[in-house]
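# Overview (structure and organization)
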Amino acid sequence: MTSRKLVTISAGLSQPSSTRLLADQLTAAAKRMLGNQRVEAVVDIIELRDQAHDVTNKLVTGLGSPRLNETIDSVARADGLIVVSPIFNASYSGLFKSFFDVLEADSLAGKPVLIAATGGTARHSLALEHALRPMFAYLRAVVVPTAVFAAAEDWGSEGSGGLSLAKRIDRAAGELAALMHAHTFDGPADPFDGPTPFEQLLAGR
Amino acid sequence: MQFGIFTVGDVTPDPTTGRAPSEAERIKAMVTIALKAEEVGLDVFATGEHHNPPFVPSSPTTMLGYIAARTDRLILSTSTTLITTNDPVKIAEDFAMLQHLADGRVDLMMGRGNTGPVYPWFGQDIREGIPLAIENYHLLRRLWREDVVNWEGKFRTPLQSFTSTPRPLDGVPPFVWHGSIRSPEIAEQAAYYGDGFFANHIFWPKDHYQRLIALYRRRFEHYGHGQADQAIVGLGGQVFMRKDSQAAVREFRPYFDNAPVYGHGPSLEEFMEQTPLTVGSPQEVIEKTLTFREYFGDYQRQLFLMDHAGLPLRTVLEQLDLLGEEVVPVLRRELDALRPAHVPEAPTHASLKAAAAAAEGPSDRASHDLMQVVR
């Protein structure tokens, strides 16, 4: 059985949070979908809340704590990401954005990403399309077509009109699993292993 | 093994009193600190170069020339000289002039500078930082080593039949270190030329610098300058001492908490755990500094940052007394005893002059000496 590394990032602030609840359900669905394709998912779930101080310290001083550096490395080496933010003021939360601001440039390039969010009402759902999706497009990630928004009412009702939350979760997870099945990432090349030879640097290449 | 201090030259208000020194006071304080470094037996004083407030040292060779006239032994250096935004011709001239005035007690450390606006202020582009560092330094080396230079490159106006004056003292250019916080290209550059490599070491965790220095050592050997463990490595460090370590922590904490760059970030305790900073007794400083050798191998130069974040001059001078009397003699003895015989000391003007004479061969040397006599 082959394996893929799945990293889930939850930017919920309360404990427990509905953001984490959605993150867990998406993770379980993706794991199941990969399993259906005989791929074992190795999962790393990251609660940004636990590293909020470290993220801020890295933003203002450049110094990453050993734990945050591990997280950054884990994200860079993931074969796929599930990222979940609460929607604040019509956009991702500040903590969510700050975390992606401290990643190394290019570390998400080409990586499959499932975007998801939580909010009080469904009126916030398009923040996924006008805030999260463009940010990940800028980072050159491959964002799956289905973005999952869970409003407070979704946790109770069995869908009013559109697909139920459970079905949207499965559809998005299936899209992510298909992309992860097709590609693997070793993480960025180690610049300390194979430096550009000096003659090339000197020749301006 | 060389020990010394490096200064950023920041004008920062003392957080315990709110008082900021004037530029004049800060500049004179830097000179006083350099003179003190020689008095307490340190080997090196290095000044930063900046072109924006709140920093004062925009003109390093002016300051170092003045210090040269008032010292006898101290090696005058930089931390760093901006190889990206300075004209390499002016660097060649300024530091050769300083060499003559200081009787050879000069080396310098190349750095790129990471203040965005400084690049356009000097007509450059920060995105070209690495290519600027590569091309400008290559020209600088030629200006010191060839009497007449014809040159054309990408960044500077061409030179035809140009002679940089004065020529380096005794025909021996100053030794060069390359400072870097994170770029493998700069480690590669230092290795290619067999120059020194200085890891600032202050703001990033040690495993990062271990990889950067390991790369430099490996490539130094690759380019045929000697074995990897013979490469010339310098490290930064940062300390604050009192006899009693609680007293040191209590006194330094407000300076740490409000320091430029890392203030209002990690706690003092976290920063001490993750970086070379030691706040404590002289014995604790000795113990922590001795671990650097375990992580990076035998190295040639240790510089400490002692005078930033608004620390009063009097306090800095007390720190230098402790450093010179209680810390450096022990480190010198311990590190010299541990260093294998085949690992060289950092090059100095005298050692480079002797090496050049040996390379020239006896007959050439005789005629060279004769020329000197004739002159």
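Residues numbered from 1 in each chain as written. Chains lettered and ligands numbered in written order. Predicted model: local features only at pLDDT ≥ 70, side-chain atom pairs only at ≥ 80, totals over all residues. Heavy atoms only, no water.

With omega at 10°, the peptide bond leading from S79(B) into T80(B) counts as cis. Structurally, T80(B) is set in the loop between strand 3 (75-78) and strand 4 (81-82). A positive phi angle, near 70°, is found at D106(A), a position not held by glycine. Within the element layout of this structure, D106(A) appears in the loop between helix 4 (94-101) and strand 5 (112-119). The exposure class of D106(A) is exposed, given its relative accessible area of 54%. Phi is positive for D170(B), which is not a glycine, with a value near 60°. (Helix = DSSP H or I, 4+ residues; strand = E, 2+ residues; numbered from the N terminus. Buried < 20%, exposed > 50% of the residue type's maximum accessible area, 1.4 Å probe, protein only.)

Examined against the element boundaries, S107(A) turns out to sit in the loop between helix 4 and strand 5. A distance of 2.9 Å separates a polar atom in the side chain of S107(A) from the backbone oxygen of E104(A). (Polar contact = N/O pair within 3.5 Å; in protein donor to acceptor, adjacent residues only side chain to side chain.)

If you walk through the whole model with that rule in mind, you get two cavities of 30 Å³ or more. Each pocket or cavity is described by its volume, and for the largest cavity that value is around 60 Å³. The wall of the largest cavity is formed by D54(A), N57(A), L63(A), G64(A), S65(A), P266(B), E270(B) and Q274(B). Residue composition of the lining of the largest cavity, by class: two nonpolar, four polar and two charged. (1 Å grid on protein atoms, 1.4 Å probe; cavity = no way out; pocket = protein on both sides within 12 Å on 5 of 7 lines; lining within 4 Å. Points joined across faces, edges and corners; volume = space filled by probe spheres on them. Nonpolar A, V, L, I, M, F, W, Y, C, P; charged D, E, K, R; others polar.)

By the definition in use, this model includes 19 aromatic pairs over all chains. Between F6(B) and F198(B), the aromatic rings sit 5.8 Å apart at their centres with planes inclined by 70°, giving edge-to-face as the arrangement. Here the residue F6(B) occupies a position in strand 1 (residues 2-7), and F198(B) occupies one in strand 9 (residues 196-199), the gap between them amounting to 192 residues. Both residues of the pair, F6(B) and F198(B), count as buried. Put simply, the rings of Y92(A), F96(A), F99(A), F100(A) and F136(A) pair up and form one aromatic cluster. Residue placement shows K111(A) over the ring face of F185(A); its charged tip is 4.4 Å from the ring centre. (Phe/Tyr/Trp six-rings, centres within 6.5 Å; stacked < 30°, edge-to-face > 60°. Lys NZ or Arg CZ within 6 Å of the ring centre and 35° of its normal.)

Grouped together as the largest cluster of nonpolar side chains are 109 residues, with contacts concentrated most on I5(B), L42(B), I67(B), Y216(B), F252(B), L320(B) and L323(B). Sort the elements by how many residues they give to this core and helix 11 (residues 313-338) of chain B lands first, with nine residues. Sequence-distant contacts of L320(B), that is, excluding residues within four places in its chain, are made with I5(B), I33(B), K36(B), V40(B), L42(B) and M306(B). Counting 35 residues, the second largest nonpolar core, distinct from the first, contains F99(A), A117(A), A127(A) and A147(A). (Core = buried A, V, L, I, M, F, W, Y, C linked by side-chain atoms within 4.5 Å. Contact = heavy atoms within 4.5 Å.)

Right, let's talk about the interface of chain B and chain A for a bit. Chain B puts 29 residues into the contact, and the matching count from chain A is 21 residues. Summing both partners gives a buried area of about 2000 Å² for chain B against chain A, and 64% of it is carried by carbon and sulfur. The interface formed by chain B and chain A holds one salt bridge in total. In this structure, R182(B) engages E104(A) in a salt bridge whose closest nitrogen and oxygen atoms are separated by 2.8 Å. Along the contact surface separating chain B from chain A lie five residue pairs in polar contact (both at pLDDT 80 or more). When residues of the side of chain B that touches chain A are traced back to their parent elements, those giving at least two are helix 5 (129-145), helix 6 (184-193), helix 7 (206-222) and helix 9 (268-274) of chain B. (Buried area = accessible area lost by both parts, 1.4 Å probe. Salt bridge = Lys/Arg side-chain N within 4 Å of Asp/Glu carboxyl O.)

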